[in-house]
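Architecture at a glance
Read off the chains here:
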Amino acid sequence: MRALVIVGMLAVVALVFVAVAIVRDTQSSAGTAEGCPDDWPRADVTLRDHKDVKIKVLNGTDRPGLAATVGDDFRNRDFQVEEEGTEKKKIDDVAMLRYGPKGVGSAHLLRAYFLGAAELSYDPAREGDVVDVVLGNAFQQLATTTEVNQSIGDLGAPVAPPGSCPLPVEN
């Protein structure tokens, strides 16, 4: 009988602690723009579907025609390739993704196509949702669909870059 009383009291105490924790929760607005400084940009951290992603493919290597080839690969995967061209500055990495606050979710998806090896270049003052994909000397090929899905799982959800706040989610 005494054991039942003790277990019952422990259950009541646990319920009280849970209720207090819920009522006093200071992170109820975590992941939203509430409490964000007014001068910080609002980053769109929505993971986009590939058909909604707008990109410019730029060749940052000495390999002729690389941007056109990779641009076609992206088109075949239903991306909106707006431009193909040559980058003046050559890069040694696999790729560089340049984007602004409206392109955070798109850049996150594109990063998975490079298996997380693409360098990120966030510009808070950049307008629009187009992501520049600058191909580098270490680039070999885009990841397969299976590799992309695994990479997205490894990368997790998109997060707002430092100095920005996530765009409020509309319900």
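These numbers were taken from a predicted model, which means no experiment stands behind them.

A few words now on the pattern of salt bridges. Tallied over the entire structure, the rule returns 10 salt bridges. Note that Lys-51 and Asp-49 form a salt bridge whose closest N and O atoms lie 3.7 Å from each other. On the basis of relative accessible area, Asp-49 is assigned to the partly exposed category, the value being 35%. Each of Glu-87, Arg-98, Arg-126 and Asp-132 takes part in one network of salt bridges that share partners.

Along the chain, Glu-87 falls in the loop between strand E3 (80–86) and strand E4 (95–99). The class for Glu-87 is buried, based on a relative accessible area of 14%. Within the structure, Glu-87 has its side chain in polar contact with the side chain of Arg-98 (distance 3.1 Å). Not counting the four nearest positions on each side in its chain, Glu-87 is found in contact with Leu-58, Asn-59, Gly-60, Arg-98 and Val-134.

The subject of this paragraph is the packing of aromatic side chains. Evaluated as defined, the whole model comprises six aromatic pairs. An angle of 85 degrees between the planes, with centres 5.2 Å apart, marks the rings of Phe-79 and Tyr-113 as edge-to-face. One end of the pair, Phe-79, is in the loop between helix H2 (66–76) and E3; the other, Tyr-113, is in helix H3 (residues 104–113), and 34 residues separate them in sequence. Under the relative-accessibility criterion, Phe-79 is labelled buried at 5%. With centroids separated by 5.9 Å and ring planes inclined at 65 degrees, the aromatic side chains of Phe-114 and Phe-139 adopt a geometry described as edge-to-face. Pair noted here: Phe-114 is in the loop between H3 and strand E5 (119–122) and Phe-139 is in the loop between strand E6 (131–135) and helix H4 (145–155), with a separation of 25 residues, a long-range link. Note on accessibility: Phe-114 and Phe-139 belong to one class, buried. Among the aromatic residues, those joined into a ring-pair cluster are Phe-74, Phe-79, Tyr-113, Phe-114 and Phe-139.

A few words now on the sheet that holds E6. Spatial ordering of the open sheet is given by E3-E2-E6-E4-E5, a layout of five strands whose pairing is mixed. The two strands at the open ends of the sheet, each matched to only one other strand, are E3 and E5. Across the sheet, the mean angle from the axis of one strand to that of its neighbour is 20 degrees, orientation sign disregarded. Direction of pairing for E4 relative to E6: antiparallel, over a ladder of four bridges. Looking at the pairing, Leu-97 lines up with Val-133 of E6. Contacting strand E2 (54–59), E3 and E6, H2 crosses the sheet at an angle of about 170 degrees to E3. Across the sheet, H3 lies against E2, E4, E5 and E6, angled at about 170 degrees from E4, the strand it touches most.

About the criteria used
Along each chain, residue indices are assigned from 1 in the same order as the chain's sequence is written. Thresholds applied to this predicted model are a pLDDT of at least 70 for local features of residues and 80 or more for the giving and counting of side-chain atom pairs; totals over whole chains, interfaces and linings are not thresholded and use all residues. Note that the side-chain values use all heavy atoms of the structure and ignore hydrogens as well as water. Whenever Lys or Arg places a side-chain nitrogen within 4 Å of a carboxyl oxygen from Asp or Glu, that contact is recorded as a salt bridge. Each residue is placed in one exposure class: buried if its accessible area under a 1.4 Å probe, protein chains only, is under 20% of its type's maximum, exposed if it is over 50%, and partly exposed if it falls in between. Each helix corresponds to a stretch of at least 4 residues labelled H or I by DSSP, and each strand to a stretch of at least 2 residues labelled E; elements are numbered beginning at the N terminus. Polar contact criterion, stated in full: a pair of N or O atoms within 3.5 Å, where within protein one must be able to donate a hydrogen and the other to accept it, and residues adjacent in sequence count only if both atoms are side-chain atoms. Contact criterion: two residues are considered in contact whenever any of their non-hydrogen atoms come within 4.5 Å of each other. Ring pairs shown here join Phe, Tyr and Trp side chains whose ring centres sit within 6.5 Å, with only the six-membered ring taken for Trp; geometry is labelled stacked below 30 degrees between planes, edge-to-face above 60, and tilted in between. Strands are treated as partners if at least two bridges between them are detected by DSSP. To get an axis, a line is fitted to the C-alpha atoms, and for a helix only the part in contact is used. The angle between two axes follows their N-to-C directions and goes from 0 to 180 degrees.

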